[in-house]
Amino acid sequence: MVGRWIRTQQYYYEKDPKRVYYLSLEYYMGRSLQNTMINLGIQSECEEAMYQLGLDIENLEELEEDAGLGNGGLGRLAACFLDSMATLGLAAYGYGIRYEYGIFAQKIRNGEQVEEPDDWLRFGNPWEKARPEYMLPVKFYGRVIDTAEGKKWVDAQVIYAMPYDNPIPGYDNNVVNTLRLWSAKSPIDFNLKFFNDGDYIQAVLDRNLAENISRVLYPNDNFFEGKELRLKQEYFMVAATLQDIIRRYKASKFGCREAVRTDFEQFPSKVAIQLNDTHPSLAIPELMRILVDDEHLDWNKAWNITVRTCAYTNHTILPEALERWPVSMLEAILPRHLQIIYHINFLHLENVKKLYPNDLDRLRRMSLVEEDGEKRINMAHLSIVGSHAVNGVAAIHSQILKDDLFRLFYEMEPHKFQNKTNGITPRRWLLLCNPGLSDLICEKIGNEWPVHLDQLLALKKWAKDTNFHRNLARVKQENKLKLAQILEKDYGVKVNPASLFDIQVKRIHEYKRQLLNCLHIITLYNRIKKDPTATFIPRTIMIGGKAAPGYYVAKQIIKLICAVANVINNDPIVGDKLKVIFLENYRVSLAEKIMPAADLSEQISTAGTEASGTGNMKFMLNGALTIGTLDGANVEMAEEMGRENIFIFGMTVEEVEALKKKGYNAYEYYNKNPETKQCVDQIAGGFFSPENPNEFTNIADILLKYDHYLLLADFESYIKAQDLVSQTYENQAKWLEMVVNNIASSGKFSSDRTIAEYAREIWGIEPSWEKLPAPEATPLTVN
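Residues numbered from 1 in each chain as written. Predicted model: local features only at pLDDT ≥ 70, side-chain atom pairs only at ≥ 80, totals over all residues. Heavy atoms only, no water.

Side note on the overall build of the chain
- The helix and strand tally for the chain stands at 32 helices and 27 strands.
- On C-alpha atoms alone, the chain measures out to a radius of gyration of 27 Å, which is about the 28 Å that the 2.2 N^0.38 rule sets for 783 residues.
- If you line up the chain on its principal axes, its C-alpha atoms span 90 × 65 × 65 Å.
- Across the 783 residues of the chain, 60% fall into the buried class.
- Taking all contacts inside the chain whose residues are at least 6 apart in sequence as the whole, residues at least 24 apart take part in 77%. (Helix = DSSP H or I, 4+ residues; strand = E, 2+ residues; numbered from the N terminus. Rg over C-alpha atoms; globule rule 2.2 N^0.38 Å. Buried < 20%, exposed > 50% of the residue type's maximum accessible area, 1.4 Å probe, protein only. Contact = heavy atoms within 4.5 Å.)

Here is the structure:
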């Protein structure tokens, strides 16, 4: 791999293509060993070699730590995108932070989430290469002075950013791109006055404070906390990355000569910067600072370059997730950047005034500076104004951005707004995690589908084929048996592998509605207890995910699920008709075992809250059927496969809006439906917490009084859809026909398709499926 890595970088230097820089505060990479062997095409040889030595490669794979440098969807998407950019032959670089501690390890003790630090680097990381020769200074604090040459940022504190490079191999094309992660290092020079004061020890200890910047990932990707450390992390990553981008731009070989490129005219045609949400949005004022203060370009020219270079992806419409930094904090930590943002805002509002004279309300709502209460900078507004393209991550989400969240910006600059529906890499999420299904697909349609996922469409001709059904069912059963063994070993719960595996795995959040799932579990339990002799399709229901450490309600939901599981799993009348498991410490490597074994995928967020979802795509690709609302990418999944192959329930975005406008009264639904009432009463009355009857009254209160996500309004429709799931599962021929149609319709949801769209429609690059020569082949020549 290293030979290919060096060769790829040489190739980019010789060819001088436009380079893509993907800036993200999160990369949820998981494990690298198996993925690397697959992409290099050496997996079977490695397995065979280990076998010859009397060793099992799976045991080695299980020893690797997950690189959990992300919370969930946003970070895992970044990881899938890196895989696709390398596979499509783009000259692309990921940039982020090398957190010493990734997303916490979740332990469930006495039915409650406990967080433990994820010390993933304690034995080192074999996949990274430290690059001290590219260490860069990053400034904080200080003040701004006027000089003859313009503004100057002086008296700043300096912290060094040390890069660690991680190889990102493309699939079967000899391309190896780079993920560069920055680690904070204290400046070398000690403050000598400490020697005189005799406090040498304190001087050494204080060095650690600087290095805290890259110590730990914030375990929250849907809630904005205006913490000083987080702001420093965001600027630290952006400042180091932009210095690196400009160094590479200046040192590029261009034309046929090697020289330093000093002219920035070509910058937007050689550099594309993609902001993964607003976390790296300080790239906009930082690029302006470099161009204006350091390179002495005039403002208009610098602004033109910045806008043409940057593009912004929005990942959420939840108001509490949108970043708004206090002006007082920016003023102290990044004084020059605050001045630049103010000037950007001044010019932006002048434009708004020209287009909409005398519309003061519009000016206020479109300002980058929010004046109500504490003065704050709206980072989403900064990202829109400073980018040439703004995209949502599913068709319905992009529409909501235009109709609602960023409506005024869309009216002013409609050409900026695009949709780029998310995708997943088929290499990790089918080839790697589900070899049985992969082999079955290869037998039918050949082996090009891992890079051309739309070829799966050809499977539709076997949708009713009983032989194909038999083979599919066999593969699914083997995957379920494997997962059942893991569950028995890790949780001590013996599950029925013939039962329907009903799975919901994602971060625990009220909008994702794990609580709705829990109400269904209680309903099933009550039905079994009411008539134990009635026919019942056995189910094993698994819920997994982490709650942000400070999110009390999410932690209570985990506690309730564990309490309900405890009652059900120990009730002899229920037996193996129903089992409930909370999957501890959900992470990428566990997802790779869960997705292939799932029969039913729960995607049940309130319509209009989930930007896209990517777990829904992984389940679909692995032959699980979806029960879901018309939210996020579910809408497009239903379009691709046909409504008859998915279990859709609940209100639409428009119906949700109408109900909120009218006024949602949960008691109406509670009093109307006896099953609903029974569930809520059991939760409130301590049925699942006899030792502490009031344990879950707050959850019942949320359901009846404070529920923003309208669970009881969708409950009846959800139960009907779940009943239909059970009926359909009983008819295996029908179920397997739907499974084939799901797999065959997954082509659109490859991250290769997503990245090809970003490349053509945002970055202005044509993806190349060209295979580079292997290092052992002829010397590299570029025409």
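Some points on unusual backbone geometry
- Its identity is not glycine, yet aspartate 16 carries a phi of approximately 50°, on the positive side.
- Mapped onto the fold, aspartate 16 is located in the loop between α1 (2-15) and β1 (19-23).
- Even without glycine at this site, asparagine 585 takes up a positive phi of about 55°.
- Among the structural elements, asparagine 585 can be located in the loop between β24 (578-583) and α23 (588-594).
- We classify asparagine 585 as buried; its relative accessible area is 15%.

Details of the side chain of glutamate 286
- The topology assignment puts glutamate 286 in helix α10 (residues 283-294).
- Among the polar contacts made by the side chain of glutamate 286, one reaches the side chain of histidine 337 at a distance of 2.7 Å.
- Aside from chain neighbours lying at most four places away, what touches glutamate 286 is Tyr235, Val238, Ala239, Leu242 and His337. (Polar contact = N/O pair within 3.5 Å; in protein donor to acceptor, adjacent residues only side chain to side chain.)

Considerations on the pattern of salt bridges
- Here the structure, examined in full by the defined rule, presents 59 salt bridges.
- With its nearest N and O atoms 3.3 Å apart, the salt bridge here joins lysine 771 to aspartate 172. Taken together, the residues lysine 771 in the segment after α32 (751-763) and aspartate 172 in the loop between β11 (157-169) and β12 (176-185) connect sequence positions 599 residues apart.
- Look at lysine 771 and you get partly exposed, because its relative accessible area is 48%. (Salt bridge = Lys/Arg side-chain N within 4 Å of Asp/Glu carboxyl O.)

Details of the sheet that holds strand β17 (residues 324-326)
- Taking strand neighbours across the sheet as the criterion, the three strands line up as β17-β19-β18 in an open arrangement whose pairing is antiparallel. One side of each edge strand has no neighbouring strand; the edge strands of this open sheet are β17 and β18 (369-370). (Pairing = 2+ DSSP bridges.)

Here we look at α32
- With 10 of 13 residues buried, α32 lies mostly within the body of the structure.
- Among the residues of α32, those classed as buried are Ser751, Asp752, Arg753, Thr754, Ile755, Ala756, Tyr758, Ala759, Ile762 and Trp763.
- At the N-terminal end of α32, a side-chain oxygen is found 3.0 Å from the backbone nitrogen of aspartate 752, two or three residues along, and the residue is serine 750.
- Note on α32: the residue one or two positions beyond its end, glycine 764, has a positive phi of about 70°.

Looking at the pairing of β12
- When you tally the buried positions in β12, you get nine out of 10 residues, the bulk of the element.
- Bridging between strand β4 (residues 92-97) and β12 involves five bridges; their strand directions are parallel. The partner of glycine 96 across the bridge, within β12, is leucine 181.

Some words on a negative patch on the surface
- Taken together, the side chains of Asp403, Asp404, Glu654, Glu655 and Glu657 present a region of like negative charge at the surface.
- Put simply, the parts of the chain that give the negative patch at least two residues each are α16 (395-405) and α26 (653-662).
- When residues of the negative patch are assigned to their parent elements, the largest contribution, three residues, is made by α26.
- Note that glutamate 654 resides in helix α26. (Patch = residues over 30% accessible without salt bridge, like charges linked within 9 Å, V, L, I, M, F, W, Y side chains within 5 Å. Areas by Shrake-Rupley, 256 points an atom, 1.4 Å probe, with all protein chains shown as cover. Lys, Arg positive; Asp, Glu negative; His and termini not counted. Charge placed at Lys NZ, Arg CZ, Asp CG, Glu CD.)

Quick word on the environment of phenylalanine 81
- Mapped onto the secondary structure, phenylalanine 81 falls in helix α5 (residues 73-87).
- With 673 residues separating them in the primary sequence, phenylalanine 81 and threonine 754 have C-alpha atoms 8.3 Å apart.
- In this structure, phenylalanine 81 is in contact with Tyr22, Asn422, Ser751, Thr754, Ile755 and Tyr758, ignoring residues within four places of it in sequence.

Section: the sheet that holds strand β23 (residues 539-544)
- One open sheet accounts for six strands, arranged β24-β23-β22-β25-β26-β27; its pairing is parallel. For this open sheet the edge positions go to β24 and β27 (647-648), each flanked by a neighbour on one side alone.
- Direction of pairing for strand β22 (residues 500-505) relative to β23: parallel, over a ladder of six bridges. If you follow aspartate 502 over to β23, its bridge partner there is isoleucine 541.
- Helix α31 (residues 732-744) contacts β22, β26 (625-628) and β27 of the sheet and is inclined by roughly 90° relative to β26. (Axes fitted to C-alpha atoms, helices over the stretch in contact; angles between N-to-C directions.)

Quick word on the UniProt feature "modified residue: N6-(pyridoxal phosphate)lysine" (unreviewed entry) in the chain
- Mapped onto the present numbering, the UniProt feature "modified residue: N6-(pyridoxal phosphate)lysine" (unreviewed entry) falls on Lys618.
- You can see lysine 618 is positioned in helix α24 (residues 615-621).
- In contact with lysine 618, other than residues within four places in its own chain, are Arg76, Ile424, Trp429 and Met595. (UniProt positions renumbered as here; feature names shortened; annotations may be inferred.)

A word on the nonpolar core
- With 252 residues, the main nonpolar core has Met85, Phe236, Leu459 and Trp763 as its most contacted residues.
- Domain assignment of the residues forming this core places at least three in each of domain 1 (1-30 + 66-422 + 757-762) and domain 2 (435-749).
- If near-sequence neighbours (up to four positions away) are discounted, phenylalanine 236 is found in contact with Ile97, Val138, Phe140, Ile159, Tyr160, Ala161, Trp182, Ser183, Ala184 and Ile213. (Core = buried A, V, L, I, M, F, W, Y, C linked by side-chain atoms within 4.5 Å. Domains from an automatic or database assignment.)

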